[in-house]
Amino acid sequence: MSRLDTEHQVETIIGLEVHVQLRTQTKLFCRCSTEFGAPPNTQTCPVCLGLPGALPVINEHAIELAIRTGLALNCEIPPLTKWDRKQYFYPDLPKGYQISQFDLPICADGFLEITDPADDTHTRRIPLVRAHLEEDAGKSMHDEAAGISDTRIDLNRCGTPLLEIVTQPAMRSAAEARAFLSELKLLLTHLGVSDCEMQEGSLRVDANVNLHIEADGKEIATPIVEIKNMNSFRAVERAIEYEVRRQYIDWEDTGETIEDRAKQTRGWDDAAEATFAQREKEESADYRYFPDPDLLPVRLPRERIEAAQATLGELPAATRQRLQSQYDIKAYDADVIVNQGPAMIAYFETTAETAGDGRRASAWMQQDVMRSLKESDWEIGTFPIPAIDLGRLLRKVDAGELDNARARDVFQYMLENDTDAEGAIEALGIVAVDAGEIEALCRELLEANPKVVEQVRGGKEQAIGALIGQAKKKNPNANPQQVKETCLRMIREG
Amino acid sequence: MSIPLDSATELLRLQAAGELSAVQITQAALDRIAATEPQISAFTHRADEAAIAAAEKIDRDRSAGLPLGPLAGIPVAVKDVLCTRDMPTTCSSKMLAGYHSPYDATVVARLRQAGAVLVGKTNMDEFAMGASTETSAMGVTGNPWDPSRTPGGSSGGAAAVVAAGNCPLSLGSDTGGSIRQPAAFCSLTGMKPTYGRVSRYGLVAFASSLDQVGPMAWTVEDAALLLQVISGFDPADSTSLDESVPNFASDVAATDVRGLRIGVLRDSLDQEGLEPEVRRAVLEAIDVYRSAGAEIVDVSLPHSHYWVPTYYVIAPCEASSNLSRYDGAHYGYRAAISDAEAAERGPLLATYCKSRDEGFGAEVKRRIMLGTYALSTGYYDAYYLKALKVRRLIRGDFDAAFAQADVLLGPVTPSAAFRLGEKTDDPLQMYLCDLFTVGANLAGIPAVSLPAGFTAEGLPLGVQLQAPPLQEARLIRAGAAFQKLTTHHAQRPTL
């Protein structure tokens, strides 16, 4: 439950409608390419242009991807699904109707488990109402430059397969909505069913938001607002946060509740960081859904669904669990790695196996590897240090051959010089220092620093730190831990 | 020699025998069209040059010894509801005046591949909505038997051009009787195949779950020839049936009807509004079959009084949706709007409304409104959903009837061809023209209209045979048998 700066208890209610573009080569009902970025109106045919006489033919691959997604989202896949026409007039909808699914969607119910953003040791289960297939509309480009108002239509996107995923109004904070979207994107990219690029429009989010306010001993619901035009997960989070504040203030000002006002559509203005009223839903069209007579219902036999289930493999939630138990790492750490996607998971697993120490591998992944990726804008797939080489380096650390600081030097050298750990160690002139050498070094240091010896004897053990720095200068290969222990032992032994 | 433009079979034979060339035939057809058009106005587009060019190619191929298609050199006219890439496709609507489809309908492509010579596009009721071809925005078509009367509709032009001796074959489309009723009015053989037997790809949709393309000709033999070419699975039409197509020529030859169980629809013969002369024609047809050894059984279709109401819910619902695409934005008619109109409703809505208001005729608008209403929230269950349920009962009736009979025999139309203008002010009277034909569309079964005699005034009459799904062959056998035993199909108008 989120609290505004108010005397009232306020609960935020959020439901999401997510349109995901499925990664098919061709459109949902014709064989035009779905590739993004082609010149306007070059990827069209009589079917997606809605020309007289043209008829739709279903793209089986889209069905397959929808089934996979539905199964991964724990949905029911019914034995029969069908197509309906959703009718409205708009210039980017050349048939005057969109082929969609009304009462028998391809995926029903279901849920997605997310890490609770308020407590990363907990998960939250976000229930899903449904997911259905539909064709995308084209794109209207409004050009109001130089005082003339001109709209141009690009129908390349028209007919592209979309899966619309609808959640229950089950999220309670903007952070939770964002966590849901991140987890959904992770799952869908993991499955390879969608690119989920908000910038390219392959993932679009509408958020339904209202507040439940406790006042005068009753719970009051504010009017529901559907927020559109958000182009990043961050925008979704900020738009919801804005809307929560706006609705609260609006309620304080007007006292309007859900009974007083129909659902309203508001757009998000990223630059202004505000939502603005678009149109009232009450005056919106009656879509007059009816079964599309040009298409047959789709039968989905049990065997087909089972076969799809078998191809899913390990999903991110399961991977998190496995990494925790198999490599003895914390939930948070497993989360960070898994959230980076399959390539990062593979890199981590190879590193951990080779190093023989999952926790160390995890720490290095999160600090050194991810920082380098960020600094150099690399992808893990093209990271210069192979996982196996990093694993070998960490094994040396584990064996006490290198301390962490020296290992970082080696790591940096490997990064810059395309060499493995052995090569880097050699190039850096790092040699193992034997115990006799360390003893000689320590004796020399103790003799030269009687004050430190005195302080240690007086119980101030941390004074030894001054000697470690000096040891490093005299012999960069000396292991600080070893130096510390040897010095303390020699002082004790007098 | 006189060129038999009333028989595709004969024209094929004469070409094969080297007695006629495709160009000679085509030229004769074009001459005949030029002679009769002033009286009947059956074409929306005539493709004289392209036809001659196609015929020349056939003749070249023939002399080069190349393989020729089954309709090589045969002039064929096509209802203007089928897309053609080299001719306009208007659906006889102002909305699509001058519209050129960038592609051929599957049936048109199959015609071309079969060597047919396309002579033009034929007039029809606007978007196939009507029963007299009078809702056309391209003028009124006359019946070759009496040009002051309608050739029927909506495939009135396609019927008239065959009846006028312009060409032996034409393609029509049948949503509620639009092939069979004009065939009856013009003394032709017209068949609506099983739903899904013929591809709808490129057939401009009126009511998608009812529309079907079919052949029109004088004889069953010729109609079968054309049906053979257009039938068969098309991957571009999801509702097309992936079923093998029999060789219909063998059914034309097999005309023994002994033992054939002919179910007579007694109820339809007692139907109010059925004219006595039509009734007489049906009774005579029954006698013809009985005397040839067929078994006559009485059958009933208990829900037949729901056919027209059911049809006039389902068809307008689908039409209202199918015709949404004509919005003036992408192609077709776009009305010019004034600044005042733009200011009043916004330029987009003003363009939509005015384009559709001016582009569509009254009957089309009436059906769009009917369908829009019936699909609206709060009415869907009471109209569309109810109609779908009744449709299932209607199918069940046919299933039961076909358990007792191999084919069903009854009237096609309540009357012979009526006068132009007679029913244009009374849509309900016009809708009742579909009384006996819409059942086959609702049930998806094949049905054929056969010439069955003439009224005292000399107007053609028809009878209808209906068969179970995919049993076109049965209709062809029974129809060919009828034509072997009668001469109605051999009568010609004096035009």
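Residues numbered from 1 in each chain as written. Chains lettered and ligands numbered in written order. Predicted model: local features only at pLDDT ≥ 70, side-chain atom pairs only at ≥ 80, totals over all residues. Heavy atoms only, no water.

J.: For the overall build of chain B, give the residues involved together with the corresponding values.
T.: Within chain B, the secondary structure is distributed over 18 helices and 11 strands. Taken over the C-alpha trace, chain B has a radius of gyration of 22 Å; the compact-globule value for 495 residues is 23 Å, and the two agree within 12%. In chain B, of all internal contacts separated by at least 6 residues, the share reaching a separation of at least 24 is 75%. Across chain B, the mean location of the 42 positive side-chain charges is 3 Å away from that of the 54 negative side-chain charges. (Helix = DSSP H or I, 4+ residues; strand = E, 2+ residues; numbered from the N terminus. Rg over C-alpha atoms; globule rule 2.2 N^0.38 Å. Contact = heavy atoms within 4.5 Å. Lys, Arg positive; Asp, Glu negative; His and termini not counted. Charge placed at Lys NZ, Arg CZ, Asp CG, Glu CD.)

J.: Describe in detail the overall build of chain A, supporting the description with residues and values.
T.: In terms of helices and strands, chain A carries 15 helices and 17 strands. Its C-alpha atoms give chain A a radius of gyration of 30 Å, clearly above 23 Å, the size a compact globule of 494 residues would have. The C-alpha extent of chain A, read off along each of the three principal axes, is 95 × 60 × 55 Å. In chain A, which comprises 494 residues, the share counted as buried stands at 51%. Excluding contacts between residues fewer than 6 apart, the proportion of contacts in chain A whose partners are at least 24 apart in sequence is 68%. (Buried < 20%, exposed > 50% of the residue type's maximum accessible area, 1.4 Å probe, protein only.)

J.: Could you give me a rundown of the sheet that holds strand β3 (residues 84-87) of chain A, with the residues and numbers involved?
T.: Spatially, three strands are ordered β4-β3-β16 (chain A) in an open sheet, and the strand pairing comes out antiparallel. Edge positions in the sheet fall to β4 (97-100) and β16 (290-291) of chain A, since each has one partner strand and no second. (Pairing = 2+ DSSP bridges.)

J.: How would you sum up the interface of chain B and chain A? Please name residues and give values.
T.: Accessible area lost during the coming together of the parts is what is often quoted as the interface size. At the interface, 38 residues of chain B touch 31 residues of chain A. For the pairing of chain B and chain A, the buried interface totals around 2700 Å² over both sides, and the portion due to carbon and sulfur atoms is 58%. Of all residues in chain B, the largest losses of buried area upon contact with chain A belong to Ser-238, Arg-325 and His-330 of chain B, amounting jointly to 23% of the total for that side. Taking the shortest distance from any N to any O, the salt bridge between Arg-200 of chain B and Asp-294 of chain A comes out at 3.1 Å. Where chain B touches chain A, the interface holds 18 residue pairs in polar contact (both at pLDDT 80 or more). Every element with two or more residues in the side of chain B that touches chain A is listed here: α11 (307-322), α13 (347-359) and α14 (362-375) of chain B. At five residues, the largest contribution of residues to the side of chain B that touches chain A is made by α11 of chain B. (Buried area = accessible area lost by both parts, 1.4 Å probe. Salt bridge = Lys/Arg side-chain N within 4 Å of Asp/Glu carboxyl O. Polar contact = N/O pair within 3.5 Å; in protein donor to acceptor, adjacent residues only side chain to side chain.)

J.: I'd like to hear about the pairing of strand β1 (residues 9-21) of chain A, residue by residue, with values.
T.: All names here are of chain A. The buried fraction of β1 amounts to 12 of the 13 residues, a majority that puts the element mostly inside the structure. Of the pairings in the sheet, the one linking β1 to strand β11 (residues 203-215) comprises 12 bridges and is antiparallel in character. Across the sheet, the residue bridging to Ile-14 is Val-209, located in β11. With five bridges connecting them, β1 and strand β10 (residues 161-167) associate as antiparallel partners. Among the inter-strand pairings, Gln-21 is bridged to a residue of β10, identified as Leu-162.

J.: Residues and numbers for the sheet that holds strand β9 (residues 407-411) of chain B, please.
T.: All names here are of chain B. Read across the sheet, 11 strands follow the order β1-β3-β2-β4-β6-β5-β10-β11-β9-β7-β8 without closing on themselves; strand pairing throughout is mixed. For this open sheet the edge positions go to β1 (43-46) and β8 (295-299), each flanked by a neighbour on one side alone. Neighbour to neighbour, the strand axes of the sheet diverge by 30° on average, direction disregarded. The pairing of strand β2 (residues 75-79) with strand β3 (residues 117-122) spans five bridges and is parallel. (Axes fitted to C-alpha atoms, helices over the stretch in contact; angles between N-to-C directions.)

J.: A description of the domain arrangement of chain A should follow, citing residues and the corresponding values.
T.: Domain annotation of chain A identifies domain 1 (9-303), domain 2 (319-428) and domain 3 (435-493). In this structure, domain 1 of chain A and domain 3 of chain A have C-alpha centres spaced 66 Å apart. (Domains from an automatic or database assignment.)

J.: Outline the packing of aromatic side chains, supporting the account with residue identities and numerical values.
T.: Applying the stated criterion across every chain yields a total of 30 aromatic pairs over all chains. Between Tyr-103 of chain B and Tyr-201 of chain B the ring centres are 5.2 Å apart and the planes differ by 45°, which places this aromatic pair in the tilted class. With a gap of 98 residues between them, Tyr-103 of chain B in the loop between β2 and α4 (106-113) and Tyr-201 of chain B in the loop between β5 (189-192) and β6 (213-217) connect regions that are remote in the sequence. The exposure class assigned to Tyr-201 of chain B is buried, which follows from its relative accessible area of 13%. A ring pair is formed by Trp-307 of chain B and Phe-398 of chain B, whose centres lie 5.6 Å apart and whose planes are at 20°; its orientation type is stacked. Separated by 91 residues along the polypeptide, Trp-307 of chain B in helix α11 and Phe-398 of chain B in helix α15 (residues 381-404) bring together distant segments of the chain. Trp-307 of chain B gets classed as buried once you look at its relative accessible area, which sits at 4%. Connected via pairs of aromatic rings, a cluster forms that spans Tyr-347, Trp-364, Trp-378, Phe-383 and Phe-411 of chain A. (Phe/Tyr/Trp six-rings, centres within 6.5 Å; stacked < 30°, edge-to-face > 60°.)

J.: An account of helix α5 (residues 316-327) of chain A is needed here, citing residue identities and associated values.
T.: Residue and element names in this part refer to chain A. With 12 residues, α5 extends 16 Å from end C-alpha to end C-alpha; this agrees with the ideal 16 Å at 1.5 Å per step. Of the positions making up α5, those classed as buried are Pro-316, Thr-319, Arg-320, Leu-323 and Tyr-327. Summarising the axial view, the buried residues of α5 lie within an arc of 105°, below the 170-degree limit, and thus occupy one face. Exposed residues on α5 whose side chains face more than 90 degrees from its buried face are Gln-321 and Ser-325. Summarising the contacts, the buried residues of α5 are in contact with α2 (174-191), α6 (331-339), α7 (342-355) and α8 (358-376). One or two residues past the end of α5 sits Asp-328, with phi positive at roughly 55°. (Expected span 1.5 Å × (residues − 1). Arc of directions from axis to C-beta.)

J.: Explain unusual backbone geometry residue by residue, including any values.
T.: Cis geometry marks the peptide bond from Gly-153 of chain B to Ser-154 of chain B; its omega dihedral reads 5°. Among the structural elements, Ser-154 of chain B can be located in the loop between β3 and α5 (156-163). The phi angle at Arg-288 of chain A is positive, at roughly 50°, despite the residue not being glycine. The residue Arg-288 of chain A is located in the loop between β15 (274-280) and β16 in this model. For Asp-328 of chain A, which is not a glycine, the phi torsion comes out positive at approximately 55°. Relative to the assigned elements, Asp-328 of chain A resides in the loop between α5 and α6.

J.: Describe the confidence of the model for chain B, with residues and values.
T.: Chain-level pLDDT for chain B is 97 on average; 100% of the residues reach the 70-or-more range. Both scores are available for the predicted complex, with the pTM at 0.90 and the ipTM at 0.96. (pLDDT = per-residue confidence, 0-100.)

J.: Give a detailed account of the pattern of salt bridges, specifying residues and quantitative values.
T.: Residue and element names in this part refer to chain A. Counted according to the given criterion, the structure contains 64 salt bridges over all chains. Measuring nitrogen to oxygen at the nearest pair gives 3.3 Å for the salt bridge that ties Asp-195 to Arg-23. Of the two residues, Asp-195 sits in the loop between α2 and β11 while Arg-23 sits in the loop between β1 and α1 (60-72), which places them 172 residues apart along the sequence. The class of Arg-23 is partly exposed, set by a relative accessible area of 47%.

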